[in-house]
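# Architecture at a glance
Okay, here's what each chain looks like letter by letter:
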6 protein chains.
Amino acid sequence: MRIKIINPNTTLEMTQTIDRAGRGVAREGTQIVTVSPEFGPASIESHYDEYLCAPGLIDEIRKGENENFDAYIIACFGDPALDACREITVKPVIGIAEAAMITASIISAQFSIVSLIPRTKAVTRELVMHYGFGHKLASIRSTTLHVLDVEQDPEGCIQTLREAAFLARDEDEAEAILLGCAGFADFADRLESELGIPVLDGVVCAVKLAEAMVELGKPTSKYLTYALPERKVYSGIFEKFGRAT
Amino acid sequence: MRIKIINPNTTLEMTQTIDRAGRGVAREGTQIVTVSPEFGPASIESHYDEYLCAPGLIDEIRKGENENFDAYIIACFGDPALDACREITVKPVIGIAEAAMITASIISAQFSIVSLIPRTKAVTRELVMHYGFGHKLASIRSTTLHVLDVEQDPEGCIQTLREAAFLARDEDEAEAILLGCAGFADFADRLESELGIPVLDGVVCAVKLAEAMVELGKPTSKYLTYALPERKVYSGIFEKFGRAT
Amino acid sequence: MRIKIINPNTTLEMTQTIDRAGRGVAREGTQIVTVSPEFGPASIESHYDEYLCAPGLIDEIRKGENENFDAYIIACFGDPALDACREITVKPVIGIAEAAMITASIISAQFSIVSLIPRTKAVTRELVMHYGFGHKLASIRSTTLHVLDVEQDPEGCIQTLREAAFLARDEDEAEAILLGCAGFADFADRLESELGIPVLDGVVCAVKLAEAMVELGKPTSKYLTYALPERKVYSGIFEKFGRAT
Amino acid sequence: MRIKIINPNTTLEMTQTIDRAGRGVAREGTQIVTVSPEFGPASIESHYDEYLCAPGLIDEIRKGENENFDAYIIACFGDPALDACREITVKPVIGIAEAAMITASIISAQFSIVSLIPRTKAVTRELVMHYGFGHKLASIRSTTLHVLDVEQDPEGCIQTLREAAFLARDEDEAEAILLGCAGFADFADRLESELGIPVLDGVVCAVKLAEAMVELGKPTSKYLTYALPERKVYSGIFEKFGRAT
Amino acid sequence: MRIKIINPNTTLEMTQTIDRAGRGVAREGTQIVTVSPEFGPASIESHYDEYLCAPGLIDEIRKGENENFDAYIIACFGDPALDACREITVKPVIGIAEAAMITASIISAQFSIVSLIPRTKAVTRELVMHYGFGHKLASIRSTTLHVLDVEQDPEGCIQTLREAAFLARDEDEAEAILLGCAGFADFADRLESELGIPVLDGVVCAVKLAEAMVELGKPTSKYLTYALPERKVYSGIFEKFGRAT
Amino acid sequence: MRIKIINPNTTLEMTQTIDRAGRGVAREGTQIVTVSPEFGPASIESHYDEYLCAPGLIDEIRKGENENFDAYIIACFGDPALDACREITVKPVIGIAEAAMITASIISAQFSIVSLIPRTKAVTRELVMHYGFGHKLASIRSTTLHVLDVEQDPEGCIQTLREAAFLARDEDEAEAILLGCAGFADFADRLESELGIPVLDGVVCAVKLAEAMVELGKPTSKYLTYALPERKVYSGIFEKFGRAT
C-alpha cells in the first residue's frame, strides 16, 4: 500500500517531521511518501494561506494519480481543500483534523484542541462544526505559537502547549487533547505521559485511518458532490488544471 | 491482534453471518472471535430489546478482559450500551453504526440508511444525531423487514433493501447507502454493484476501524466520562456485575 | 389513582426518601407505591450502572401492569430506560429529570442542574439535549458527591449542593435550580428558601405531572416508536422478558 | 383552586367552546373562569393579530391578580405574550401550545400539528423551536381553515382537519396529532377515535398542567428574565399599564 | 427617499438622539422622520414593555402608509413587532438589532453585544438566534444600565459600556461590539476609537440598509407569512386597527 | 465611490452580464468596475473549481488595493474565498450569495434557491448554514443547468429556472426566490413578474449592500480572524502573494 502525505506548506523541516510521524505508525507494507507542493506559503495560519496552499496541494493529488498511490493525507490541521481533493480521485483522501476528531470521538466523550495564534480559532471552530463534532468540543485553546516556531524553539513550543493542555483538562474538562498543527507531531507522546489523558496528533491518526480505508476497498462516491469535476478550460498559469491528469 | 465481535442478540445464524463478514476483511494476523451473549433477546427491534440485550453484551466485554482481546465491536446497528462498554475497558470499543457513519462521512457528502421496520426509525435518527452526522443524513428509509427475515428469506430481503436503496439514491440524493442491520452484511457488495454508489455494512467498517485503533495504541480516556465505574454492590441475578472482572 | 414510583437502584433508604417526597405532594386519592428492583446496582453513577439498572426497572413496569397502576415514575435523574418502559404500557411513564426540566421551563427562562461527581455531567448534558431544553440550560454544576453520600452525611451533602447552587445562580445566571439526584429530594425547600429562586426536586414534579397525565386520560401512542415490542424468544436468565406480562 | 383561562380573541362563541373544554377536564374543586379581553381582534391569524391581542390579554392577567386566581392559561395556539404574562405574576402561566407539546412529548416520539391557513405555519414552526421540540416535530399541516370557520361550519372544519391528520399520520409518521387552534377543542376525541393515535387539544392539556403546577406550589422565578417589570410611565390609552395592579 | 424611524418608546429625548444619529449618516436626498408612538411605555426593558409598545409602533407604520414613506426602521434593540410590521406594508421594515447584526456579520467573524440590565439578556439571546447569528455571537455583556440612564448620566453610561466592551474584546474575543440600545447611538464612535475594533450602533446601520433596500426596489413578499392581515373586527380601544389605513 | 466586482471565472460574457446588472442598480456617483481574474477556470461548478478560482480572485483584491476601490464584490454564488479576501483589506468585501440571503431575510420569512447541476447542492446548503440562514431555507432546487448554458441558450435556461421556481413556490412554500448563479442576473425581473414573489439576483443585492457599507464607513475588524495575514515566504508561481501589495 502506498500513501501520499501532502504537507500543504513549503517548509521542508515540517515535511520531515510529518514524514517521521507517519512512518512511525505505518504498518510494514505501507509505503509513506511525504511531499510539499511546488508552490505556495511557507506556513498556513490564515484563510489567505489556506486558499493559496490549495492549488499546490491539489496539484500533488493530481500527480499522485499517476504515481500509483492508494490513499492521500492532507497534513495541515485546517484540512484545506479536502472536498476538492475528494472530487479528483476515487482513492480515500483524509484530513488530519478529521482523523484526529474521529479518533477522539471513539476514545473520549469530549476533547479540546490546543492550537496556534488566536486568529486560527474561528477557522478551527468552523471545521469542528463542519465535521459534526461540536457537541464533543470542550474548548479550543489558542496560544502564542506560529507554525514555524516549532522548528526554531521546540522546547518553548512544548512548554506553551503543555500549559494550554493542562488548562483544557482541568478547566474545560477535556478528556483528550488534539494537537492543532501537523508540526506538533513529535510532542504527542511526551504530553500524553504528563497529562494522563490521550493526546492525539492528526498525522498518525490519519495514517491508520487511511490504511483502514484502503483495505476496506470502498471508493469515494462519484455520485453528485464528489463526482469528477466537469472538464473545462483553465487559463493562464492554471492552464494545466483544465487537462486530465 | 485479537478482536472480539459481539452480536448482542442470541440468534446464532446471525452471529455466523457477522463472523463471516468480519473475517472477510480482517488482515492476516487479526484474529476475529464472534459471540452472542449468554442471555437476552433473539433480535433487537425496540428500545425494550436494546436495554435487555445490554447486560449480556456488557458481560461479554467483561469476560473479554480476561481473554486477551485488543478491541471490541458491538455488532448491532443501534450500537447498544456503547458508552457503558467504553467505561469497563481501556481497549477501543466500536459500534457498527458509528463505524459505518464515519466511513460514509469520508467517502460521501451525504448518505442514507436503509433499515428495518418503521418503529426503529426514531432510534436510528437519534443515533445519527448523537454521533453528529445529522447534516450528512439524506434519509432513513425504513422497510417491512424484521431482523430474522434475513435468515428466512434472504432473496426477499435483498429485494426489499434494493427498492429502498434506489429510492434513497434517486429521490433523497444519497451518495452512499448504509445497511441498517448487522444481518444485512452479506448483501452489501451485490447492492453496491447494482446501485453504482458505495454500500456500507457496518461490520466490515468496524473491523477495519478497530484494527486501526489497536495499532494506533491510544487508550480510551479514563478521565471523567469513561472512567472505570465506581465499585459497588450489585444485587440479585446481577450480583457478579459488582465484582471486578 | 395508583402511581408506581420505581427507584432504579437497590438502596432502600433512598427508596424511602423518594417515597416520602412523593407522598408529600400527592393528592388525597392518589396512592403512591415506591419500590426498588429485585436486582441491580446500589446506586447509578455511570453508563454501566444505567444499563444494568434497566432490566430490574423494566421488570417493575411489567409487574405493575398486573397491579392496577395508572402511571409510572422512574426516580433516577438519568431517566434510564424511559423509552423502553413507554413501549410496554399505554399508561404514562415519566422520568424525574424530564419532569423537573418541564417544570423549570414553565417557571424560569433558564435553569442549572446541581449534580453528582463530574463523570455524570456528560450523560446529564445529553439528557438535556434529548428533551430539547439545551437552550434553557444555564449550566450543569457537578460536585464531589456520590449518590450514597446523601444517606451517610446529609448535612455535608446539602452544604456541597448549596455552594454549587449559589455559583449557578450568581455566575451562570440560573433562574431555577434542579437537583440532579432523586436522593436530594429532602433538600429542595431548604435550599429554595436560602437561594430565593425555585429549587426543583424531580420526584415531586413527576408526581404532579403523572396525576395530570392520568386525569387527562391520553394513552401513550402505540403507533411506531412506542408500539408494544415484537414478541420473541428471550434466552437464559432473561427468559421471562420474552413472555407476556 | 381558581384558574383563569383567557381566550385572547374577542369572539365569545370561541370563549364558550374553550370554557366547555376546560370545565370538561377540570377536577372537582377546580374553578374555571374563561374570558375574552375587553379590546382586540376577533380572531388571531397573523403576527399583526398576535401583537394586537396582547395588551387586552395582559390586561386580563393584571385584573386576575386582584381576583384571587391561582393560575392562568392563554388559550390561543400561538401562546401570544406568554413571557410578558409571566413577568407580572408569580402564579403559573401556561400557553396551550406549550401544554400540548409537553403532553405530546410524553406520549409520543414525534407529533404533527394540524392547523389554520398556510400563513400561520411560520409562526407555529418558530414556536415549536422556541420550546425546544423541533426534533419531535413530524410536520405542520396547514389547511384552508380560518379561525372563525369553526363556528360557522363545524362539520366542514372537522372534515378538513381529518384529511390533514390522516396525511400527517400516514405520510409524515406522526405518532400524535396536535390541534393548532383553541377553537378545535371539541373535535379531539372524535378525531382520535378515527385515527387511532392520540389527538391533543391544548386547552385540556393546559388545564391539567395548570392544576399540577398550582399544587406543586412553585412560583415563577422572579430572578432576571421574569422579574416584575420596572415601574415606569405609560402614556396615552395605555396609561393604566404603568400603574400597579 | 423618505424613511420613517419609529422609536417605540415615548421618551422624546431618546427620539431626538435617534433622529440625530439617523440624519448623521443619511445621504443627501434621504429624508429622515423620527417619531414616538402616541401611547405606550417610556422605555422598553422587559417582555411586558415590548408587547405594550407594539400597538403604538404598529399604529405609526399604519399612519406611515398614508405619509408617503419608502421604508421604516424600528429603533429599539429588541426589534419589537418586526414581523407584524412587515405584514402591513410592502415597504422594507428594518429592525436596528437586525441591521447591526447583519453589518457585524460582514466586518467581523464574531461579535459581542453590550447591553442593559441583566433581565434583557434572555430576550437578546433569543433575538440573535432568531436571526441565525448564534454562531457569530461571542457574548452578551449585560450591565447595570436602565434605558433612561443614558439621558440622565451620559458619562456614567459610557464608562459602564466601556468596561463591558473591553471585557468582551479581551475575554470573549469579540471582533466587533454592538450597542444594545438605541439610546447609546451617540457613544459608538468614541468607544470605537478607544477599543480599536468596530463599534456599531444599530440606528445608523439600519438607515444605510434601508436606503439600500429602497433603491433595490424589492417589495416585502406578500406570499404566505407577510401577507396583508385578514380584514376582521377589532373591538374596544383597538377598533381602528380593524379598519384599512 | 468605486466598487470592484470580481467575477471569479474567466468567461468574459458572464463578466459583462454581471457588469450590466451591477451598473443597472448602482447609484449615480458609484463607479462599477467588473473584472475576471488573469488565470483560473472558465466556470465554477465544483469544489475543485472553487479552490482554483480563489488565487486569481485574491489577486484581483490585492491589485484593487492600489486602484483606489472602496469595496469589493465576489460575483459567484458560492462566495469563494470570501474570508481570505476580508483578511487582506479593511474595505468591505461582500459575496453575492451572502447579499442575496441577507436581502431575502428582510423581505420574506423563507426562501428557496434555484441553482445549477445537482452536484452544487451540497456546497450551497453548507453556505446557507455558514451564514446562519438554515432556518429560513425552504429548499434548494437544483437543475440541469451548467454555468455556461446561460450564454449559449438563455431562453432554455430561463425556462428551466422558471419550472424550478414555480415548484419552489408551490411545493416548498418559498416566499422569495434566489438565483443561484451570477450568470442568471438578467432573468430576475422577468421571473419575478411571472411568479408574483420577489426574485433576487445576488449581484444587484451586493451592489446596494456595498454602497451602504461604504457610506457607513465601518472597516473590517482587524482584530483576530480578519487580521492581515502574517508576512511570510510564498514560493514558486505564487511568489508574489508573499509580498505586500
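Residues numbered from 1 in each chain as written. Chains lettered and ligands numbered in written order. Predicted model: local features only at pLDDT ≥ 70, side-chain atom pairs only at ≥ 80, totals over all residues.

When you go through chain A residue by residue, the secondary structure sums to nine helices and 10 strands. In summary, chain A has a C-alpha radius of gyration of 17 Å against a globular reference of 18 Å for 245 residues, a match within 12%. In terms of its C-alpha atoms, chain A occupies a principal-axis envelope of roughly 55 × 35 × 35 Å. Burial statistics for chain A: of 245 residues in total, 65% are counted as buried. Across chain A, every contact between residues at least 6 apart in sequence was considered, and the portion connecting residues at least 24 apart equals 69%. (Helix = DSSP H or I, 4+ residues; strand = E, 2+ residues; numbered from the N terminus. Rg over C-alpha atoms; globule rule 2.2 N^0.38 Å. Buried ≥ 20, exposed ≤ 12 C-beta atoms within 10 Å, placed from the backbone. Contact = placed C-beta atoms within 7 Å.)

This paragraph deals with the nonpolar core. Grouped together as the largest cluster of nonpolar side chains are 573 residues, with contacts concentrated most on A:I96 and F:I96. Leaving out residues up to four positions away in the same chain, F:I96 has contacts with F:I73, F:I74, F:A75, F:C76, F:F77, F:D79, F:A182, F:G202, F:V203, F:C205 and F:A206. (Core = buried A, V, L, I, M, F, W, Y, C linked by C-beta atoms within 7 Å.)

This paragraph deals with the environment of E:L228. All names here are of chain E. Mapped onto the fold, L228 is located in the loop between α9 (202-216) and β10 (234-235). Judged by the 14 C-beta atoms lying within 10 Å of it, L228 is partly exposed. Along the backbone, L228 and L200 are 28 residues apart, and their C-alpha atoms lie at a distance of 33 Å. Setting aside residues no more than four positions away along its own chain, L228 makes contact with E87, I88 and K222.

With that out of the way, let us pick up the pairing of strand β2 (residues 31-35) of chain B. Residues and elements named next belong to chain B. As paired elements, strand β1 (residues 2-6) and β2 share five bridges and run parallel to each other. Bridge pairing in β2 places I5 opposite T34. Read from β1 through helix α1 (residues 12-25) to β2, the crossover connection turns out right-handed. (Pairing = 2+ DSSP bridges. Right-handed = clockwise from strand over helix to strand, strands pointing away.)

Before going further, it helps to examine the domain arrangement of chain A. Residues and elements named next belong to chain A. Per the domain assignment, the segments making up chain A are domain 1 (2-96 + 204-242) and domain 2 (97-201). The distance between the C-alpha centroids of domain 1 and domain 2 comes to 22 Å. Each partner contributes to the interface: domain 1 provides 24 residues, whereas domain 2 provides 24 residues. Those elements that place two or more of their residues in the side of domain 1 that touches domain 2 are α1 (12-25), β5 (93-95) and α9 (202-216). It is α1 that provides the largest number of residues to the side of domain 1 that touches domain 2, a total of five residues. (Domains from an automatic or database assignment.)

All names here are of chain C. Remark: helix α7 (residues 154-170) packs on helix α8 (residues 188-195), axes separated minimally by 11 Å, with the N-to-C direction vectors making an angle of 40°. Taken as axis vectors, α7 and α8 run oblique relative to one another. Judged by the sense of rotation from one axis to the other, the crossing of α7 with α8 is right-handed. Contacts from I158, L161, R162, A165, F166 and R169 in α7 reach R190, L191, E194 and L195 in α8. In the contact of α7 with α8, the residues fall into six nonpolar, no polar and four charged. (Axes fitted to C-alpha atoms, helices over the stretch in contact; angles between N-to-C directions. Parallel < 35°, antiparallel > 145°, perpendicular 65-115°, else oblique. Left-handed = near helix turned anticlockwise from the far one by under 90°. Nonpolar A, V, L, I, M, F, W, Y, C, P; charged D, E, K, R; others polar.)

With that settled, the discussion passes to the relation of the copies chain A and chain F. Applying a rotation about an axis and a shift along it to one chain copy brings it onto the other copy. Under the fitted operation, chain A is carried onto chain F by 0.0 Å of movement along the axis and a turn of 180°, and the coordinates agree to an RMSD of 0.0 Å. Viewed as a symmetry operation, the transformation between the two copies matches a two-fold axis. Using C-alpha coordinates, one finds that chain A approaches the rotation axis most closely at A:Y51, a distance of 3.3 Å. Of the residues that chain A buries at the interface, 100% are likewise interface residues in chain F, meaning the two copies contact each other through the same surface. (Least-squares fit on C-alpha atoms with pLDDT ≥ 70 in both.)

Bringing the interface of chain A and chain F into the picture now. If you look at the interface, chain A gives 40 residues, while chain F gives 40 residues. Looking at the side of chain A that touches chain F residue by residue, the class counts come to 22 nonpolar, nine polar and nine charged. Relative to strand β10 (residues 234-235) of chain F, strand β3 (residues 40-41) of chain A runs antiparallel, the two sharing two bridges. Paired with A:P41 across the strands is F:Y234, a residue of β10(F).

Glancing now at the arrangement of the chains. The least C-alpha distance between chain A and chain D, which are not in contact, is 16 Å. No part of chain B reaches chain E; the closest C-alpha pair between them is 16 Å apart.

Our focus in this paragraph is helix α2 (residues 47-64) of chain D. All names here are of chain D. With 18 residues, α2 should cover 26 Å at 1.5 Å per step; its first-to-last C-alpha distance of 25 Å lies within 8% of that length. Largest kink in α2: about 35°, centred on A54, with the proline P55 one to four residues after it. Of all 18 residues making up α2, 16 are buried, and the element is well covered by its neighbours. (Expected span 1.5 Å × (residues − 1). Bend = angle between axes of the 7 residues up to and from the residue.)

Okay, the packing of helix α1 (residues 12-25) of chain D against helix α9 (residues 202-216) of chain D next. The description of two helices packed together rests on the angle between their axes and the distance between the axes. All names here are of chain D. Between α1 and α9, the shortest axis-to-axis distance is 9 Å and the interhelical angle comes to 45°. The angle between α1 and α9 places the two elements in the oblique class. Crossing handedness for the pair α1 and α9: right-handed. Here I18, A21, G22, G24 and V25 of α1 lie close against α9, whose contacting residues are V203, V204, V207 and K208.

The phi dihedral of E:E173 falls on the positive side, at around 65°, and the residue is not glycine. One can find E:E173 in the loop between α7 (154-170) and β8 (176-179).

Turning our eyes to something else, we now look at the sheet that holds strand β4 (residues 71-74) of chain A. Residue and element names in this part refer to chain A. Strand order across the open sheet formed by four strands is β2-β1-β4-β5, with parallel pairing between neighbours. Here the strands that pair on one side only, and so sit at the sheet edges, are β2 (31-35) and β5. Sheet twist, expressed as the average angle between the axes of neighbouring strands with direction ignored, equals 20°. Against the sheet, helix α4 (residues 96-107) makes contact with β4 and β5, and its axis sits at roughly 75° relative to β5, the strand it touches most. Sheet contacts for α9: β1 (2-6), β4 and β5; angle to β4, the most-contacted strand, approximately 155°.

All names here are of chain B. Across the sheet, four strands lie side by side as β2-β1-β4-β5; this open sheet has parallel pairing. The outermost strands of the open sheet, each flanked by one partner alone, are β2 and β5 (93-95). Ignoring which end each strand starts from, the neighbouring axes of this sheet average 20° apart. The sheet strands contacting α1 are β1 and β2, and the helix crosses β2 at an angle near 165°. In this fold helix α4 (residues 96-107) packs onto β4 (71-74) and β5, with an angle of close to 75° to the strand it touches most, β5.

Positionally, F:P118 belongs in the loop between β6 (111-114) and α5 (121-131). Overall, the presence of 16 C-beta atoms within 10 Å leaves F:P118 in the partly exposed class. When sequence neighbours within four positions are dropped, the list of residues in contact with F:P118 reads A:L224, B:E173 and F:S142.

Between its terminal C-alpha atoms helix α9 (residues 202-216) of chain C stretches 21 Å, which fits the 21 Å expected from 15 residues at 1.5 Å a residue. Just downstream of α9(C) lies C:G217, where phi reads positive at about 80°.

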